6 protein chains.
Amino acid sequence: MPYVNIKITREGATSEQKAALIKGVTDLLVDVLGKNPATTVVVIDEVEMEHWGIGGLPVEEYRKKAAAKPA
Amino acid sequence: MPYVNIKITREGATSEQKAALIKGVTDLLVDVLGKNPATTVVVIDEVEMEHWGIGGLPVEEYRKKAAAKPA
Amino acid sequence: MPYVNIKITREGATSEQKAALIKGVTDLLVDVLGKNPATTVVVIDEVEMEHWGIGGLPVEEYRKKAAAKPA
Amino acid sequence: MPYVNIKITREGATSEQKAALIKGVTDLLVDVLGKNPATTVVVIDEVEMEHWGIGGLPVEEYRKKAAAKPA
Amino acid sequence: MPYVNIKITREGATSEQKAALIKGVTDLLVDVLGKNPATTVVVIDEVEMEHWGIGGLPVEEYRKKAAAKPA
Amino acid sequence: MPYVNIKITREGATSEQKAALIKGVTDLLVDVLGKNPATTVVVIDEVEMEHWGIGGLPVEEYRKKAAAKPA
């Protein structure tokens, strides 16, 4: 009977990849907790890059800054 | 002072239907719990069909499979 | 197939009132959108008073301030 | 960089089972989408039985009714 | 390690304003609770006006009604 | 009219700190977007340590592992 919400940045995940997430997380709940898949709901949210922040920055800026760091 | 989030699949709900959901759930909170409608917030999310999973499948596949089941 | 999340402050809602919220919001989705109740999930969160803010204040302070306002 | 929220009813899931959910869903996001586990956040909510509704009923009543159904 | 979700109505917030929200709320968590910004995730949702309800009405109707009130 | 949800691990945040989060995030929305504080709702969730995962591990294990890393 679980409900799972997966939020990812919108970067071209395919329908197949989304179906794999739905199947994978449902299987996980069946395997680990014996949940009933028939009432397991999964909702995926694709979030625009400029709506996702990490380290105090929109994620694209964050990645640029991380990539620019000297090793 | 409640906050309600309603997630439905995106399948053509009209503005009138959405307004009816907002009114209905606000009235419910007033009637059952005596909440103040002025600070009752309702947010509706319409979720793409391929982002909604049930029974380990994206909802469209799930419905096809359910419809194909012998009686 | 909808998912509804209702957040209310923890102030003594009874089991009967919670059951009435679950029934009421499920009926609403059936009536307005023809949704299937068998896969309609409702999750209620009771939120501690000090965890709920409105008007920039925890809700108890907010109410005290509102009650103290001259008419 | 994903965020996953897993809501289950509070029915005695162990710390080991919760850790298995966290590991499983993080691995899934790495395997399917190549996400970075270091910034993958998983939050589990255990929801009281009387706060979870399905079929218009609190989940315990729903199960009793389902169990009582003639085959 | 916090996760923050900010929901606002879609009314033309700019990329700069969204970046300011991400920075501001991350700084707040660092200042108030000493949280690590590197694992602080912020997700902004812009919600269509007709999907946001307050006072039992979609927000645009609510504002019209509020504006029409005699002083 | 915004809604903000802040999720933090349960590690002894005080009522004063929570009030500072509520005030800070409400002020931020007023300053950056000109939102009305009277209808700005903030909900804080304190999440048990074993319910929070990062890097595929419950957060306490993750911190131990991070602390044990050679410089």
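So, here is what we can say about the structure in this document. (Residues numbered from 1 in each chain as written. Chains lettered and ligands numbered in written order. Predicted model: local features only at pLDDT ≥ 70, side-chain atom pairs only at ≥ 80, totals over all residues. Heavy atoms only, no water.)

So, the interface of chain D and chain A
Part 1 of the reasoning: The interface is formed by 27 residues belonging to chain D together with 26 residues belonging to chain A.
Part 2 of the reasoning: Carbon and sulfur atoms make up 76% of the area that chain D and chain A hide from each other, which totals about 2,200 Å².
Part 3 of the reasoning: Counting every contact that joins chain D to chain A gives 2 salt bridges.
Part 4 of the reasoning: Across the pair Lys35(D) and Glu11(A) runs a salt bridge, and its minimum N-O distance is 3.5 Å.
Part 5 of the reasoning: Inspection of the chain D/chain A interface yields 7 residue pairs in polar contact (both at pLDDT 80 or more).
Part 6 of the reasoning: Of all elements in the fold, only β1 (3-9), α1 (15-33), β3 (52-54) and α2 (59-68) of chain D reach the threshold of two or more residues within the side of chain D that touches chain A.
Part 7 of the reasoning: In terms of residue count, α1(D) provides more of the side of chain D that touches chain A than any other element does, 9 residues in total.
Part 8 of the reasoning: In terms of residue class, the side of chain D that touches chain A is made up of 18 nonpolar, 5 polar and 4 charged. (Contact = heavy atoms within 4.5 Å. Buried area = accessible area lost by both parts, 1.4 Å probe. Salt bridge = Lys/Arg side-chain N within 4 Å of Asp/Glu carboxyl O. Polar contact = N/O pair within 3.5 Å; in protein donor to acceptor, adjacent residues only side chain to side chain. Helix = DSSP H or I, 4+ residues; strand = E, 2+ residues; numbered from the N terminus. Nonpolar A, V, L, I, M, F, W, Y, C, P; charged D, E, K, R; others polar.)

Observations concerning empty space enclosed by the protein
Part 1 of the reasoning: If you walk through the whole model with that rule in mind, you get 1 cavity of 30 Å³ or more.
Part 2 of the reasoning: Counted as a void, the largest cavity has a volume near 290 Å³.
Part 3 of the reasoning: Along the wall of the largest cavity there are 18 residues; nearest its centre are Asn5(A), Asn5(C), Asn5(D), Asn5(E) and Asn5(F).
Part 4 of the reasoning: Elements with a minimum of two residues in the lining of the largest cavity: β1 (3-9) of chain A, β1 (3-9) of chain B, β1 (3-9) of chain C, β1 of chain D, β1 (3-9) of chain E together with β1 (3-9) of chain F.
Part 5 of the reasoning: Taken together, the residues of the lining of the largest cavity break down into 6 nonpolar, 6 polar and 6 charged. (1 Å grid on protein atoms, 1.4 Å probe; cavity = no way out; pocket = protein on both sides within 12 Å on 5 of 7 lines; lining within 4 Å. Points joined across faces, edges and corners; volume = space filled by probe spheres on them.)

Description of the pattern of salt bridges
Part 1 of the reasoning: In the structure shown here, the tally under the stated rule is 48 salt bridges over all chains.
Part 2 of the reasoning: Between Glu50(B) and Lys18(A) there is a salt bridge, with its nearest N and O atoms 2.9 Å apart. One end of the pair, Glu50(B), is in the loop between β2 (41-47) and β3 (52-54); the other, Lys18(A), is in helix α1 (residues 15-33), on a second chain.
Part 3 of the reasoning: The class of Lys18(A) is buried, set by a relative accessible area of 4%.
Part 4 of the reasoning: Here Glu46(B) and Lys18(B) are joined by a salt bridge, their closest N and O atoms 3.2 Å apart. (Buried < 20%, exposed > 50% of the residue type's maximum accessible area, 1.4 Å probe, protein only.)

Comments concerning the sheet that holds β1(D)
Part 1 of the reasoning: In space, the 8 strands of this open sheet follow the order β4(B)-β3(B)-β2(A)-β1(A)-β1(D)-β2(D)-β3(F)-β4(F), with mixed pairing throughout. Single-partner strands in this sheet number two, and they are β4 (57-58) of chain B together with β4 (57-58) of chain F.
Part 2 of the reasoning: As paired strands, strand β2 (residues 41-47) of chain D and strand β3 (residues 52-54) of chain F are joined by 3 bridges and run antiparallel to one another. Bridge pairing links Val42(D) to Gly53(F) in β3(F). (Pairing = 2+ DSSP bridges.)

Some words on the packing of aromatic side chains
Part 1 of the reasoning: Scanning the model with the defined rule gives 3 aromatic pairs over all chains in all.
Part 2 of the reasoning: Residues Tyr3(A) and Tyr3(C) carry aromatic rings whose centres are separated by 3.5 Å and whose planes lie at 5° to one another, so their mutual orientation is stacked. In this pair, Tyr3(A) is assigned in strand β1 and Tyr3(C) in strand β1, connecting two distinct chains. For the pair shown, Tyr3(A) and Tyr3(C) are each scored as buried. (Phe/Tyr/Trp six-rings, centres within 6.5 Å; stacked < 30°, edge-to-face > 60°.)

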